[in-house]
Amino acid sequence: MLTTILKEKERVDRMLEKYQEELKKLPKGTISEKKAGQSTYFYLKYRDGKKVISRYIPQKNVADVRKQVEKRRHIETMIRSLQEERAIAEQALEGHI
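So, a few notes on the structure that sits alongside this text. (Residues numbered from 1 in each chain as written. Predicted model: local features only at pLDDT ≥ 70, side-chain atom pairs only at ≥ 80, totals over all residues. Heavy atoms only, no water.)

**Brief notes about the pattern of salt bridges**
Under the counting rule described, the total for this entry stands at eight salt bridges. For Arg86, the salt bridge identified is with Asp13, shortest N-O distance 3.3 Å. A residue pair is termed long-range when its members are at least 10 positions apart, and Arg86 in helix α2 (residues 62-96) and Asp13 in helix α1 (residues 2-25) qualify at 73 residues. Arg86 sits in the partly exposed class, given a relative accessible area of 27%. Three or more residues joined by partner-sharing salt bridges are found here, namely Glu8, Arg11 and Glu85. (Salt bridge = Lys/Arg side-chain N within 4 Å of Asp/Glu carboxyl O. Helix = DSSP H or I, 4+ residues; strand = E, 2+ residues; numbered from the N terminus. Buried < 20%, exposed > 50% of the residue type's maximum accessible area, 1.4 Å probe, protein only.)

Next comes the structure, spelled out in structure tokens:
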């Protein structure tokens, strides 16, 4: 049983590393839109320390950026779940050492 727990912890660690690398490639923040007259402008808003940064997104790129932001949220959820699994595995391993 100990080797099974150890293998599971190693699997979780590998997946966490993979997801962390993937996160580095994806934009953080949320997409906001502002209307000015008849036009709508889209911005990616995120925090950099205490500052809030707004980066303009051209209309043609909005769908792609939206998909990337959603993918980032999904990966962040997966990371939280894997961290919980790793904590459980570490507790189980501590009990056997």
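**Remarks on the sheet that holds strand β3 (residues 51-57)**
With respect to topology, three strands assemble into an open sheet ordered β1-β2-β3, the strand pairing being antiparallel. The sheet is open, and its two edges are formed by β1 (30-36) and β3, each paired on a single side. For this sheet, the mean inter-axis angle between neighbouring strands, taken without regard to orientation, is 35 degrees. (Pairing = 2+ DSSP bridges. Axes fitted to C-alpha atoms, helices over the stretch in contact; angles between N-to-C directions.)

**Remarks on the packing of aromatic side chains**
If you walk through the whole model with that rule in mind, you get two aromatic pairs. Here Tyr41 and Tyr56 contribute two aromatic rings whose centre-to-centre distance is 6.4 Å and whose plane-to-plane angle is 50 degrees, an arrangement assigned as tilted. Of this pair, Tyr41 sits in strand β2 (residues 39-48) while Tyr56 is found in strand β3, placing the two residues 15 residues apart along the sequence. Looking at Tyr41, the relative accessible area reads 34%, which means it is partly exposed. Tyr56 sits in the partly exposed class, given a relative accessible area of 44%. Geometrically, the ring pair formed by Tyr43 and Tyr56 is edge-to-face, given 5.8 Å between the ring centres and 70 degrees between the ring planes. (Phe/Tyr/Trp six-rings, centres within 6.5 Å; stacked < 30°, edge-to-face > 60°.)

**With respect to the nonpolar core**
If you look at soluble globular proteins, the nonpolar side chains tend to sit buried side by side. Counting eight residues, the largest nonpolar core consists of Val12, Leu16, Tyr19, Leu23, Leu26, Ile75, Ile79 and Leu82. Elements with a minimum of two residues in this core: α1 and α2. Looking at this core element by element, the count peaks at four residues for α1. Leaving out residues up to four positions away in the same chain, Val12 has contacts with Leu82, Glu85 and Arg86. Counting residues in hydrophobic clusters, the runner-up holds six residues, among them Leu44, Ile57, Val62 and Val69. (Core = buried A, V, L, I, M, F, W, Y, C linked by side-chain atoms within 4.5 Å. Contact = heavy atoms within 4.5 Å.)

Any functional reading would require information that these geometric values do not contain.
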